[in-house]
Amino acid sequence: MPTLSAAALHERLCAIRMVIFDIDGVLTDGSLYLGDDGQEYKAFNSRDGLGMRMLADSGVQLAILTGRHSRVVERRAADLGIEHVIQGRREKLPAFEELLAATGLAPATVAYMGDDVVDLPVMRRVGLSVAVADAVSTVREHAHLTTTLGGGHGAARELCERIMLAQGSLERQLAPYLA
């Protein structure tokens, strides 16, 4: 994908009305912790969570789209107030199209953050495709934007703040913490 100019990237950031996040490798570092009892554990970054809450409070919808299914993801989404949670969909493009139909959003107003090739079909359709810093090279090559931080280590927060900065809502979201 050709690199966007700073002006074109700013324009796309301003147009975003929803951000869709993959889970493994994006909101986590990609590690899967499995207990002997079959329980699955994931580590989420609390700073990513606060960034996502601030972005939602600024009027941008949040969604999760992941190929795996986990009760841990349901709990994290509930903690963050994420309404749109789609799990267990290895083919993500049909799920993305269903989400667009349900929300009435146009692809140009959606950002998707991914890390692996299963994310590419959606990344190639959205207005802003974002790869985490430690995404596989093919994904980074097809992204409009690559974060400086890796999955599960602040990449989601980085994207949230870039969107809020472009849309003029970052200062308002930070104000309560700076008073």
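Before going into details, it helps to say that this report is about the structure given with it. Since the model is a prediction, treat every value here as computed from it, not as a measurement. (Residues numbered from 1 in each chain as written. Predicted model: local features only at pLDDT ≥ 70, side-chain atom pairs only at ≥ 80, totals over all residues. Heavy atoms only, no water.)

Notes on the environment of Leu149
Note that Leu149 resides in the loop between strand S8 (145-146) and helix H7 (155-167). Remark: the alpha-carbon pair of Leu149 and Ile64, spanning 85 residues in sequence, is separated by 19 Å. Discounting chain neighbours no more than four positions away, the residues touching Leu149 are Val132, Ala133, Gly154, Ala155 and Glu158. (Helix = DSSP H or I, 4+ residues; strand = E, 2+ residues; numbered from the N terminus. Contact = heavy atoms within 4.5 Å.)

Quick word on the nonpolar core
Most often, soluble globular proteins keep nonpolar side chains buried together rather than apart. Counting residues in hydrophobic clusters, the biggest one holds 52 residues, and the most contacted among them are Val19, Ile20, Phe21, Met52, Met113 and Leu159. Take this core: its biggest share by element is 7 residues, from H7. Dropping the residues within four chain positions of it, Val19 is found in contact with Leu55, Val60, Gln61, Leu62, Ala63, Ala111, Leu159 and Ile163. (Core = buried A, V, L, I, M, F, W, Y, C linked by side-chain atoms within 4.5 Å. Buried < 20%, exposed > 50% of the residue type's maximum accessible area, 1.4 Å probe, protein only.)

Some remarks on the packing of helix H1 (residues 6-15) against H7
Contact geometry for H1 and H7: axes closest at 8 Å, N-to-C directions at 95°. When the axis of H1 is compared with that of H7, the two are roughly perpendicular. Residue-level inspection shows Leu9, His10, Leu13, Cys14 and Ala15 of H1 in contact with H7, the latter providing Arg162, Ile163, Ala166 and Gln167. Among the residues making up the contact of H1 with H7, the classes are represented as 6 nonpolar, 2 polar and 1 charged. (Axes fitted to C-alpha atoms, helices over the stretch in contact; angles between N-to-C directions. Parallel < 35°, antiparallel > 145°, perpendicular 65-115°, else oblique. Nonpolar A, V, L, I, M, F, W, Y, C, P; charged D, E, K, R; others polar.)

Here we look at the side chain of Thr147
Inspection of the secondary structure assignment puts Thr147 in the loop between S8 and H7. Thr147 sits in the buried class, given a relative accessible area of 5%. At a separation of 3.1 Å, a polar atom in the side chain of Thr147 contacts the main-chain amide nitrogen of Ala133. At 2.6 Å, the side chain of Thr147 and the backbone oxygen of Leu149 are in polar contact. (Polar contact = N/O pair within 3.5 Å; in protein donor to acceptor, adjacent residues only side chain to side chain.)

Everything listed here is a matter of geometry and, on its own, says nothing about what the molecule does.
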